[in-house]
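The lines below spell out each chain.
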Amino acid sequence: MKAAVSTRYGPPDVVRIVEVRKPAPKEGELLVKVHATTVNRTDCGPRAAKPFIVRFFTGLVRPRLTVLGNEFAGEVEAVGAGVTSYAVGDRVFGFSGDRFGAHAEYLAIPEDGSIATMPASLTYEEVAPSTEGSHYALTAIRGAKIRGGQDVLVNGATGAIGSAAVQLLKHLGATVTAVCGGEHLGLVRGLGADRVIDYRAEDFTKDDQSYDVVFDAVGKSSFGRCRRLLKPRGIYLPTDLGPLSLNPVLALITPMFGGRKVMFLIPRRDPGMARHVKELIESGQFKPLIDRRYRLDQIVEAYRYVETGQKIGNVVITVEHGGNQSR
Ligand SMILES: NC(=O)c1ccc[n+]([C@@H]2O[C@H](COP(=O)([O-])OP(=O)(O)OC[C@H]3O[C@@H](n4cnc5c(N)ncnc54)[C@H](OP(=O)(O)O)[C@@H]3O)[C@@H](O)[C@H]2O)c1
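Let us look at the structure shown here. (Residues numbered from 1 in each chain as written. Predicted model: local features only at pLDDT ≥ 70, side-chain atom pairs only at ≥ 80, totals over all residues. Heavy atoms only, no water.)

Concerning the pairing of strand E5 (residues 91–95)
Taken residue by residue, a regular strand's side chains alternate between the two faces of the sheet.
1) Next: Most of E5 sits inside the fold, with 4 of its 5 residues counted as buried.
2) Next: Direction of pairing for strand E4 (residues 71–79) relative to E5: antiparallel, over a ladder of 5 bridges. Paired with Glu75 across the two strands is Arg91, which belongs to E5.
3) Next: Where E5 lies against strand E7 (residues 114–117), 4 bridges are found, and the strand directions are antiparallel. Opposite Phe95, over in E7, you have Ser114 as the bridge partner. (Buried < 20%, exposed > 50% of the residue type's maximum accessible area, 1.4 Å probe, protein only. Helix = DSSP H or I, 4+ residues; strand = E, 2+ residues; numbered from the N terminus. Pairing = 2+ DSSP bridges.)

Shown next as structure tokens:
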């Protein structure tokens, strides 16, 4: 089968489309014929080995996992022994997380992973980008125990995580102020934001409203700058290490003082996440935001675009099989 393979760390052009052995599903695994996947920020770190600490998880000198890609939508081609929840021909989507492997024509994935059958309303390309942003957004929302009625500011509301967070927060009944570039204010209102701030026209950290949670979904602020926006027991919730990689340290220290604090959450495996997202898609409360689409053989270009930090939502990769277009 064809796969996008990187056998060394480096810039996007270390990735090559080559023939590799098609995986065989082990006991409890599905073999998925991938029709669509994405390139996202979770792929960029292990490909480039940035930050350096990534190497302690992915291989010190060379990457142990040579095929990246963590979101997929496709069709079950075969099932391993003992699989009971899915059958050959099922249309499925999901998140392979740190197993990666989705930048390929076929992916073997445990049936108890974050997988669900596809919502009837979306195509493979539309549903593939629904899980990575949701995974990090849900980790943050659940970790900070955000409830309906709370005031939440989302910085970076047009990113994969931010656009998922706005929709997931509205589903919970939170009041959402979203920060994004001026040309996307309408788009972000369409995701459900109650109020929008153009970060190019206004410094959101000078806003007069106060918030239960400031969720920085794009790594462009700091606890120091956002502290004044927080209510007395408010939470600063970043998805990034922050300036000088201080966010994890602040998350250890700030709770000791009992007031405003930083929470830095390490995402955990969540087998129910894809099913939850499917329910929200089916009830019309979630729709993944899609920017550009590329074919698998254009994946280097897709990486370059993702690394501009300017993608709007998600970048989809269409995987064609012998000339068949994915649906
Ligand atoms: N914790 C983890 O394991 C993990 C995993 C994945 C990602 N991350 C981190 O989470 C962050 C978000 O990832 P993502 O994939 O959601 O990002 P993304 O999709 O690449 O975000 C890009 C978006 O951010 C917006 N943006 C850029 N500069 C901004 C600014 N100063 N203020 C507000 N919005 C701005 C851009 O919109 P405009 O064009 O309008 O500027 C663009 O729409 C990244 O920093 C990434 O490193 C962490």
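We are not done yet, so read on.
Some points on the sheet that holds strand E8 (residues 151–155)
1) Next: The strand order across the open sheet formed by 6 strands is E10-E9-E8-E11-E12-E13, and the pairing between neighbours is parallel. The sheet is open, and its two edges are formed by strand E10 (195–198) and strand E13 (261–262), each paired on a single side.
2) Next: Pairing of strand E11 (residues 211–216) with strand E12 (residues 230–238), which is carried by 5 bridges, proceeds in the parallel orientation. Bridging from a neighbouring strand, Val213 pairs with Ile235 of E12.

Digging into the nonpolar core
The nonpolar side chains of soluble globular proteins are, as a tendency, buried together.
1) Next: Formed by 48 residues in total, the largest nonpolar core has its most connected members in Ile146, Val154, Val166, Leu168, Leu169, Phe215 and Leu237.
2) Next: With 6 residues, helix H5 (residues 160–172) is the largest single contributor of residues to this core.
3) Next: Not counting the four nearest positions on each side in its chain, Val154 is found in contact with Gly162, Ala165, Val166, Leu169, Val176, Thr177, Ala178, Val179, Phe215 and Ala217.
4) Next: Among the nonpolar cores identified, the runner-up in size contains 30 residues, and Val15, Val76, Val83 and Tyr303 belong to it. (Core = buried A, V, L, I, M, F, W, Y, C linked by side-chain atoms within 4.5 Å. Contact = heavy atoms within 4.5 Å.)

Side note on the site of the ligand
1) Next: Inspection of the region around the ligand gives 24 residues, with Thr158, Tyr199, Ala217, Asp240 and Lys311 positioned closest.
2) Next: In the environment of the ligand, an oxygen atom lies 2.9 Å from a nitrogen or oxygen atom belonging to the backbone of Ala160.
3) Next: In the environment of the ligand, an oxygen atom lies 2.7 Å from a nitrogen or oxygen atom belonging to the side chain of Lys311.
4) Next: Across the complex, the protein chains shield 87% of the 930 Å² of accessible surface that the ligand would expose by itself.
5) Next: Elements supplying a minimum of two residues to the shell around the ligand: helix H1 (41–48), helix H4 (132–143) and H5.
6) Next: Of the residues assigned to the shell around the ligand, the class counts are 7 nonpolar, 11 polar and 6 charged. (Near = heavy atom within 4 Å. Polar contact = N/O pair within 3.5 Å; in protein donor to acceptor, adjacent residues only side chain to side chain. Areas by Shrake-Rupley, 256 points an atom, 1.4 Å probe, with all protein chains shown as cover. Nonpolar A, V, L, I, M, F, W, Y, C, P; charged D, E, K, R; others polar.)

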